[in-house]
Protein chains: 2
Amino acid sequence: MHRPRSEMIAQTRAKLVAAARKAFGTVGYADASMDDFTSAVGLTRGALYHHFGDKKGLLEAVVAEIDAEMDARLLAVSSRSQSQWKGFVDECTAYLEMALEPEIQRIVLRDGPSVLGDPATWPNQNKCILSMSANLKRLSEDGIIRPGDPEALARLLNGALLHAASWIANSPEPEATSRRAVEGIKDLLNGLLCFPVATPAFASGR
Amino acid sequence: MHRPRSEMIAQTRAKLVAAARKAFGTVGYADASMDDFTSAVGLTRGALYHHFGDKKGLLEAVVAEIDAEMDARLLAVSSRSQSQWKGFVDECTAYLEMALEPEIQRIVLRDGPSVLGDPATWPNQNKCILSMSANLKRLSEDGIIRPGDPEALARLLNGALLHAASWIANSPEPEATSRRAVEGIKDLLNGLLCFPVATPAFASGR
DNA sequence: TATAATGACATACGAGACGTATGTCGATGT
DNA sequence: ACATCGACATACGTCTCGTATGTCATTATA
């Protein structure tokens, strides 16, 4: 019966990841002392080096965890949408909302790229892109949007969404900015449609 | 006559910024030793702390220098374009090409945000946005693109361009990827036009 | 059941790197 | 000519990381 043993190990790893996630998310990767956040969960750097190799390895694990959560959340959103087009728009706005969370901003969007290199080289970040690409591909095959390169579009939209999140998060009036960003996104997406709807959004406009 | 004096000082500052820029651009901010790159130009950390306060202050100076160069280059591009719309597209592609340079990727796009906080909080990064916003505003006032929020659009496009640059830079075939990205950009921009050009047209490049 | 072996983790140590406090020396102003 | 100031160097302390080593419990084996 080697259950308790492996359970303890998994728990240790989970504790380390959780502690690091909290530290990275608050004070940032560079200012997070390994001695501090390991002792915060009753461990030392010995455990950390044993399980993750080095500080960077722990960051990778944290990023992977957050990425998995983001994937799951996006999947949940897209799964309960009826129309294809609406589902796509919903997923985009959900993605934008996630990118607003301070923990994600700091760990995934700022420290992650700085320490681990460009997100385009990570295995995970691509899952969102792939999912988006697949959606765009179906949309163009079904004649809903104009033909084009789905992956290229997905990457461009992804960048636009992430950047919009930063804009919102650092805006003096996040809610108003959020509305402007969402409207801008819808405007951009609308431009992709074969038969654009005359949205009341910019008809009622500014 | 205190010219030579101030000139020496300016030269010292320039040497520090240049040395830091080279170090940050190659090994990255975190792994750039202040002792190393100051001694590379015949100085010590004393000069650095005297002029820039700390390592972060030096990074700010480096980022400001690069940003100023980017602004100047963009201005040069847009100034010699005849048609408004073509000028805008040219500026976008020039921006994308700049974002491809490894030094800009590393210092401005990765380490900068991680160390200095989100670019949206910098004073500089906004100049590109402002310029783009102004362009979009004129384009919509002149009835070339649909009405909309110019700043929001500018920020979204800015994010798309930066992200596209990362995609290209980390692609196994950068040239082919670049073509796909540019085409995607043109597709997106085309969607903004009041009277989009016929679809196959912009695939062939105009 | 006794023993060997493995692995999970802690502890001890050394190496840089940063920031500060202090010192020096030349230039500047009167 | 002298006092001041500022540009820069040097010395020191502190923190953090990574490695090398040690210990102890668990597991496998006989």
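Notes on the structure in this doc start here. These numbers come from a predicted model, not from an experiment.

Not every one of the 20 residues close to DNA strand C is listed here, only the nearest: Thr 12, Thr 44, His 50 and His 51 of chain A together with Tyr 49 of chain B. Within 4 Å of the protein, the contacting atoms of DNA strand C are 66% sugar and phosphate, with bases supplying the remainder. Here a phosphate oxygen of DNA strand C sits 2.6 Å away from a polar atom, N or O, in the side chain of Thr 44 of chain A. Measuring from a phosphate oxygen of DNA strand C, one finds a side-chain N or O atom of His 50 of chain A at 2.4 Å. Every element with two or more residues in the surface near DNA strand C is listed here: α1 (3–26) and α3 (45–52) of chain A together with α3 (45–52) of chain B. Residue contributions to the surface near DNA strand C peak at 5 residues, all from α3 of chain A.

In this section: the protein's contact with DNA strand D. The immediate surroundings of DNA strand D are formed by 20 residues, with Arg 45 and Tyr 49 of chain A together with Thr 12, His 50 and His 51 of chain B found nearest. Considering the 4 Å shell around the protein, atoms of DNA strand D inside it are sugar or phosphate in 66% of instances. At a separation of 2.8 Å, a phosphate oxygen of DNA strand D approaches a polar side-chain atom of Lys 55 of chain A. The set of elements that each furnish at least two residues to the surface near DNA strand D consists of α3 of chain A together with α1 (3–26) and α3 of chain B. When residues in the surface near DNA strand D are grouped by element, the largest group, 5 residues, is from α3 of chain B. Grouping the amino acids of the surface near DNA strand D by side-chain chemistry returns 7 nonpolar, 8 polar and 5 charged.

Okay, the pattern of salt bridges next. In total, this model carries 26 salt bridges over all chains according to the counting rule given. For Arg 106 of chain A, the salt bridge is made with Asp 111 of chain A, and the minimal N-O distance between the two is 3.8 Å. Given the relative accessible area of 23%, Arg 106 of chain A is considered partly exposed. The salt bridge partner of Arg 73 of chain B is Glu 101 of chain B, with a shortest N-O separation of 2.7 Å. One end of the pair, Arg 73 of chain B, is in helix α4 (residues 55–79); the other, Glu 101 of chain B, is in the loop between α5 (84–98) and α6 (102–116), with 28 residues separating them in the sequence.

Residue and element names in this part refer to chain A. Here the structure, examined in full by the defined rule, presents 6 aromatic pairs over all chains. Measuring from ring centre to ring centre gives 5.2 Å for Phe 24 and Tyr 29, while their planes differ by 50°; the resulting arrangement is tilted. A relative accessible area of 13% places Tyr 29 in the buried class. These aromatic residues form a ring-pair network of at least three members: Phe 24, Tyr 29 and Phe 37. Just above the ring of Tyr 29 sits the side chain of Lys 55; from NZ or CZ to the centre is 4.6 Å.

Conventions we followed
Residues numbered from 1 in each chain as written. Chains lettered and ligands numbered in written order. Predicted model: local features only at pLDDT ≥ 70, side-chain atom pairs only at ≥ 80, totals over all residues. Heavy atoms only, no water. Near = heavy atom within 4 Å. Polar contact = N/O pair within 3.5 Å; in protein donor to acceptor, adjacent residues only side chain to side chain. Helix = DSSP H or I, 4+ residues; strand = E, 2+ residues; numbered from the N terminus. Nonpolar A, V, L, I, M, F, W, Y, C, P; charged D, E, K, R; others polar. Salt bridge = Lys/Arg side-chain N within 4 Å of Asp/Glu carboxyl O. Buried < 20%, exposed > 50% of the residue type's maximum accessible area, 1.4 Å probe, protein only. Phe/Tyr/Trp six-rings, centres within 6.5 Å; stacked < 30°, edge-to-face > 60°. Lys NZ or Arg CZ within 6 Å of the ring centre and 35° of its normal.

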